[in-house]
Structure formats: C-alpha cells, structure tokens
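Letter by letter, the chains look like this.
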Amino acid sequence: MVTAYDAFHGRLLREAGIDIALVGDSLGMVVQGHDSTLPVTVSEMVYHTRMVARGLKGASLLVSDMPFLSYQPSIETAIREAGRLIKEGGAQAVKLEGGKDFVPTVRALVSAMIPVMGHVGLLPQKIHAMGGFRLQGRESAEGEAILADARALSQAGVFALVVEGIPGELAKRIASEVPVPVIGIGAGPHTDGQVLVIHDLMGWTPAERLPKFVRPFSRGGEEAVRALSEFRRMVEAGQFHKTEGHDTKEGPDAPVRSQ
Ligand code: KIV
C-alpha cells in the first residue's frame, strides 16, 4: 500500500501495480505543509480522493482516511462523513485511527455497507495525547493493549489493519493472531504488507523530516531540484530555446499537450 494525493500519484501507483492506494490524512503534512494531520477536513479528503480516483482508474483498491473529528463525535457523524468519501470521493473503503473505543463506530460503518480499515499503534490524530510521534507499545502493558485493540477491531469487522510505530515483535504477534491482513509502517518486517507515504518512498521528503525507519527508493527530491536549477540556469543564460526537442516538428495544428 502506498499513499496518493492526486491524479499523478494515482497514475504512478496504477503503472507500478500497487495493490492499495491510500489517500492518507498525512496529506496535511506532506502536501499542505502543516505540522500535524489535525487540520485536514473531510471536504479536502473528498477533493484529493476524487483526483486519485481519476489517475488510478480502478486499478487498485482506493482507501480514504477519515480525518480528525470526522468520526469521533458520534456514530451518525461517522456514517455521514464516511459516506461522503465513498459517494463524492469515489473511495471504496475508509480508514480510521483508534482501538476498542471505536468498535461501535466500526460496527455501524460496516452495517452501513462501508468497508473499514483499522489503524492502531502510533495514531497521528492523537499526537497531543501521545506527546509527539513516538514509538508505541514498548512497555508490555501498552503492547498488550494494542494487541487487544487489534483483536477488537478485527472482531468488529475491519477488513485490514494498519499497525504504525510499534516494535517489530509486537507487530509480528498481531499479524499472527489477527485473521485480517496487517499492514505495517515503522513496525518491522513481519507484517502481511507494508505501507509508505509516497513522498518518503520517492525521496521527496527532506532528510531532516524523513521518519527514521524509511529508506527512500529514489532520489526524487534531489533530481527535481537539479532539473529546476538547470531550467533556471538555461533560461538566465539565454540557452533555453536551444534545448533539444523544444521546437515541435508536428506543424501548427498539433495539440500542445495531449489529454
Ligand atoms: O495518513 C497516512 O498516510 C497514514 C499512513 C501513514 C498509514 O495513515
């Protein structure tokens, strides 16, 4: 699973054969430039989900995150806001953060025919209560509580579970004890699947903001700055029109950009 926030990302995931596209509320940080995911709204999630759907063209499962306070106030709110992600955004499932406190919400969403992915461990929407983005479940009582959350969500009907920022041994236990697929992030190698934020995977996240557990698969950020600097240098030097392939040979009626 990989996050995606627009049609371009959707196309990249489709071409790479990624199983699940997650429109994460991480977009608040990597796209909108906030310090947390808390400011993201349902309307923004709908907007980004619609874009991803256009690029993905149904090639992978499209899951959209329920942002902060879109499901916590009441079950009725949760059904209405999840419904917007499905009806307006084109998502096929929603993801929500939290453990056994949200079992009634998950049951109600599943009864309303909305597939739900769970998310336990480090919960970015709980950043203030957790005191920052810290590894969770290091103490054995805390680890047991996360395992109990995972079991409770699975019994409530989630079709898959994200485990974030927990020790690898705990993730391994959850993956072996919970019947649904467990997808890890910062949770070691023993889960059924892995998820990364596309900016981290592609090397677009500046090194000082990159989570410790991420090894980028590309130097996309460095390459982008190199290309932009080269463009600026050539324009300033009056050499831009001499770049190869700049002039079209297809005649005046050829489309400038195909759709
Ligand atoms: O918001 C997000 O991108 C996520 C993933 C990191 C799992 O929840």
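Located above this text is the structure these notes cover.
One structure accompanies this document, and this report is about it.

## As for the overall build of the protein
Turning to step 1, where the next piece is worked out: Secondary structure assignment for the protein yields ten helices and eight strands.
Turning to step 2, where the next piece is worked out: When its C-alpha atoms are laid out on the principal axes, the protein stretches across 65 × 35 × 30 Å.
Turning to step 3, where the next piece is worked out: At a minimum sequence separation of 6, the contacts of the protein that also span at least 24 residues come to 57%.
Turning to step 4, where the next piece is worked out: Summing over all exposed atoms, the protein offers an accessible surface of approximately 14000 Å²; the carbon and sulfur share of this is 54%.

## What about the pairing of strand 6 (residues 160–164)?
Turning to step 1, where the next piece is worked out: Counting buried positions along strand 6 yields five of five residues, so the element is predominantly enclosed.
Turning to step 2, where the next piece is worked out: Here strand 6 shows a buried face lined by Ala160, Val162 and Glu164 and a second buried face lined by Leu161 and Val163.
Turning to step 3, where the next piece is worked out: Alignment of strand 5 (residues 116–121) against strand 6, held across five bridges, turns out to be parallel. Bridge pairing links glycine 118 to leucine 161 in strand 6.
Turning to step 4, where the next piece is worked out: Note: strand 6 against strand 7 (residues 182–185), four bridges, orientation parallel. Among the inter-strand pairings, valine 163 is bridged to a residue of strand 7, identified as glycine 184.
Turning to step 5, where the next piece is worked out: The β-α-β motif built from strand 6, the intervening helix 8 (residues 168–177) and the parallel element strand 7 has right-handed crossover chirality.

## Some remarks on the environment of threonine 41
Turning to step 1, where the next piece is worked out: Inspection of the secondary structure puts threonine 41 in the loop between helix 2 (27–30) and helix 3 (42–56).
Turning to step 2, where the next piece is worked out: Given a relative accessible area of 36%, threonine 41 falls into the partly exposed group.
Turning to step 3, where the next piece is worked out: For the pair formed by threonine 41 and glycine 28, sequence separation is 13 residues and the distance between their alpha carbons is 9.2 Å.
Turning to step 4, where the next piece is worked out: In this structure the side chain of threonine 41 is engaged in a polar contact, spanning 3.1 Å, whose partner is the backbone nitrogen of glutamate 44.

## Some words on the side chain of serine 70
Turning to step 1, where the next piece is worked out: Relative to the helices and strands, serine 70 resides in the loop between strand 3 (61–65) and helix 4 (75–87).
Turning to step 2, where the next piece is worked out: The residues contacting serine 70, other than those within four sequence positions of it, are Val42, Thr77, Ala78 and Glu81.

## Topic: unusual backbone geometry
Turning to step 1, where the next piece is worked out: In this model, lysine 57 sits at a positive phi of 50°, which is unusual for a non-glycine residue.
Turning to step 2, where the next piece is worked out: For lysine 57, the position within the fold is in the loop between helix 3 and strand 3.
Turning to step 3, where the next piece is worked out: Residue leucine 69 is not a glycine yet carries a positive backbone phi of 70°.
Turning to step 4, where the next piece is worked out: With respect to the element layout, leucine 69 can be found in the loop between strand 3 and helix 4.

## Quick look at the sheet that holds strand 3
Turning to step 1, where the next piece is worked out: A sheet is described by the order of its strands in space; here eight strands give the open sequence 1-2-3-4-5-6-7-8, paired in parallel fashion. What marks the edges here is a single partner per strand, and that holds for strand 1 (2–3) and strand 8 (193–194).
Turning to step 2, where the next piece is worked out: Bridging between strand 2 (residues 20–23) and strand 3 involves four bridges; their strand directions are parallel. What sits directly across from leucine 22, in strand 3, is valine 63.
Turning to step 3, where the next piece is worked out: On the sheet, helix 3 packs against strand 2 and strand 3 and is oriented at approximately 165° with respect to strand 3.
Turning to step 4, where the next piece is worked out: Taken strand by strand, helix 7 (residues 140–156) contacts strand 5 and strand 6, and its axis lies near 170° from that of strand 5.

About the thresholds
- Residues numbered from 1 in each chain as written.
- Predicted model: local features only at pLDDT ≥ 70, side-chain atom pairs only at ≥ 80, totals over all residues.
- Heavy atoms only, no water.
- Helix = DSSP H or I, 4+ residues; strand = E, 2+ residues; numbered from the N terminus.
- Contact = heavy atoms within 4.5 Å.
- Areas by Shrake-Rupley, 256 points an atom, 1.4 Å probe, with all protein chains shown as cover.
- Buried < 20%, exposed > 50% of the residue type's maximum accessible area, 1.4 Å probe, protein only.
- Pairing = 2+ DSSP bridges.
- Right-handed = clockwise from strand over helix to strand, strands pointing away.
- Polar contact = N/O pair within 3.5 Å; in protein donor to acceptor, adjacent residues only side chain to side chain.
- Axes fitted to C-alpha atoms, helices over the stretch in contact; angles between N-to-C directions.

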